[in-house]
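So you can see what is in the structure, the chains are spelled out below.
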Amino acid sequence: MTTLLYDGTFEGLFTAIFEVYEYQFQPAEIISEKNHQTAAFFSETHEVQTDEKKAKRVLQKLEANLGKKGVSQLLRVYLSEKESAERLILSAVALSLEFPKENILNNFAHPDMMEIAKITKSISREVHRMHAFVRFEKLQDEVYFAKIEPDFNVLPLIISHFKNRYQDQKWMIYDIRRGYGVFYDLEEAQFFEPNFDENFQLKKTGTLLHEEEMNYQKLWQRYFFKTNIPERKNLKLHVQSLPKRYWKYLTEKY
């Protein structure tokens, strides 16, 4: 068994997949450096240096066999952050090379392809919820800011939605769990990673809110309270439609 260690990036993963075949590592497993402790004890280790050319060759081959939609599905598996993600993607690549004229991702009789389908469905559900439940707050510098804490690393998948919807506003979405965010400056959206002090400040934005925002929140909370009819309260249905894990970032739930 050869364990390939990569830097945790999608390009690094594709580079590792390329080198599995380049150096004929069989059997092989791919693990990100941060999860190195989970590698098999008696396996040989091969350190992968991310190479965009190698990653691009794998990407082009997959696009030819599976189409852009298929590559998108594998990206979602990667963003799921599941321990099995690298193994599943490597399995999909191997099966795709074995059956290049078939969309092997639709082969639900194969346990790995079935698992990929389940993961991509869960990711899509989380993306849909982010579209619906993200709440922006206006800060003193006129930037609209939102905190999220999704189960999966879906921030890269929701950027285009908010970029199209709020083209005329500067906005920032920050993933608290993963410690990075994206900032849109009216022209392009860029990722950022705050330092320790900035990270703390982004988690506690109460003192940074614009006065208009504070007034708006009070009005919205009052409206939400006044329109609520206790006799018609159905908490079970409410939680089913709006899971509790999203409540702490909703203005009306403060």
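Parameters and conventions
- Residues numbered from 1 in each chain as written.
- Predicted model: local features only at pLDDT ≥ 70, side-chain atom pairs only at ≥ 80, totals over all residues.
- Heavy atoms only, no water.
- Domains from an automatic or database assignment.
- Contact = heavy atoms within 4.5 Å.
- Buried area = accessible area lost by both parts, 1.4 Å probe.
- Salt bridge = Lys/Arg side-chain N within 4 Å of Asp/Glu carboxyl O.
- Polar contact = N/O pair within 3.5 Å; in protein donor to acceptor, adjacent residues only side chain to side chain.
- Phe/Tyr/Trp six-rings, centres within 6.5 Å; stacked < 30°, edge-to-face > 60°.
- Axes fitted to C-alpha atoms, helices over the stretch in contact; angles between N-to-C directions.
- Helix = DSSP H or I, 4+ residues; strand = E, 2+ residues; numbered from the N terminus.
- Parallel < 35°, antiparallel > 145°, perpendicular 65-115°, else oblique.
- Left-handed = near helix turned anticlockwise from the far one by under 90°.
- Core = buried A, V, L, I, M, F, W, Y, C linked by side-chain atoms within 4.5 Å.
- Buried < 20%, exposed > 50% of the residue type's maximum accessible area, 1.4 Å probe, protein only.
- Pairing = 2+ DSSP bridges.
- Right-handed = clockwise from strand over helix to strand, strands pointing away.

## What to know about the domain arrangement of the protein
Here comes step 1: Domain annotation for the protein reports domain 1 (2-126) and domain 2 (134-249).
Here comes step 2: Centre-to-centre, using C-alpha coordinates, domain 1 lies 32 Å away from domain 2.
Here comes step 3: The interface of domain 1 with domain 2 comprises 9 residues on the first partner and 10 residues on the second.
Here comes step 4: Together, Leu79, Glu81 and Glu126 form the three largest contributors to the area buried by domain 1 at its contact with domain 2, with a combined 67%.
Here comes step 5: On the surface where domain 1 and domain 2 come into contact, there are 1 salt bridge.
Here comes step 6: Between Arg178 and Glu81 there is a salt bridge whose closest N-O contact spans 2.9 Å.
Here comes step 7: Summed over the shared surface of domain 1 and domain 2, the number is 3 residue pairs in polar contact (both at pLDDT 80 or more).

## Describing the packing of aromatic side chains
The geometry of an aromatic ring pair is captured by two quantities: the separation of the ring centres and the angle between the planes.
Here comes step 1: Counted by the stated rule, this structure contains 11 aromatic pairs.
Here comes step 2: Taken together, the ring pairs in this structure connect Phe136, Phe162, Tyr166, Trp171 and Tyr184 into an aromatic cluster.

## Section: the packing of helix α4 (residues 111-133) against helix α5 (residues 155-165)
Here comes step 1: Contact geometry of α4 with α5 gives a least axis separation of 10 Å together with a crossing angle of 30 degrees. When the axes of α4 and α5 are compared, the pair comes out roughly parallel. Here α4 and α5 pass one another in a crossing that is right-handed. On the side of α4, the interface is formed by Ile123, Val127, Met130 and His131, while α5 contributes Leu157, Ile158, His161, Phe162 and Arg165.

## Focus on the nonpolar core
Here comes step 1: Ile17, Ile30 and Ile173 are the most contacted members of the largest nonpolar core, which totals 57 residues.
Here comes step 2: Here this core gets 9 residues from one element, more than from any other, and that element is helix α2 (residues 52-79).
Here comes step 3: Built from parts of two domains, this core gets at least three residues from each of domain 1 (2-126) and domain 2 (134-249).

## A look at the pairing of strand β2 (residues 28-32)
Every other side chain in a regular strand lies on the same face of the sheet, so the side chains alternate between the two faces.
Here comes step 1: Along β2, 4 of the 5 residues are buried, which leaves the element largely enclosed by surrounding structure.
Here comes step 2: In the sheet, strand β1 (residues 2-6) pairs with β2 via 5 bridges, with the strands oriented parallel. When the bridges of β2 are listed, Leu5 appears paired with Ile31.
Here comes step 3: Taken together, β1, helix α1 (residues 10-22) and β2 constitute a β-α-β crossover, and its handedness is right-handed.

## What about the sheet that holds β2?
Here comes step 1: Strand order in the open sheet made by the 3 strands is β2-β1-β3, with parallel pairing throughout. Across the chains shown, the open sheet's two edge strands, defined by having one partner strand only, are β2 and β3 (44-47). Pairwise comparison of adjacent strand axes, ignoring direction, gives a mean angle of 30 degrees for this sheet.
Here comes step 2: In the sheet, β1 pairs with β3 via 4 bridges, with the strands oriented parallel. Counterpart to Thr3 in the pairing with β3 is Thr45.

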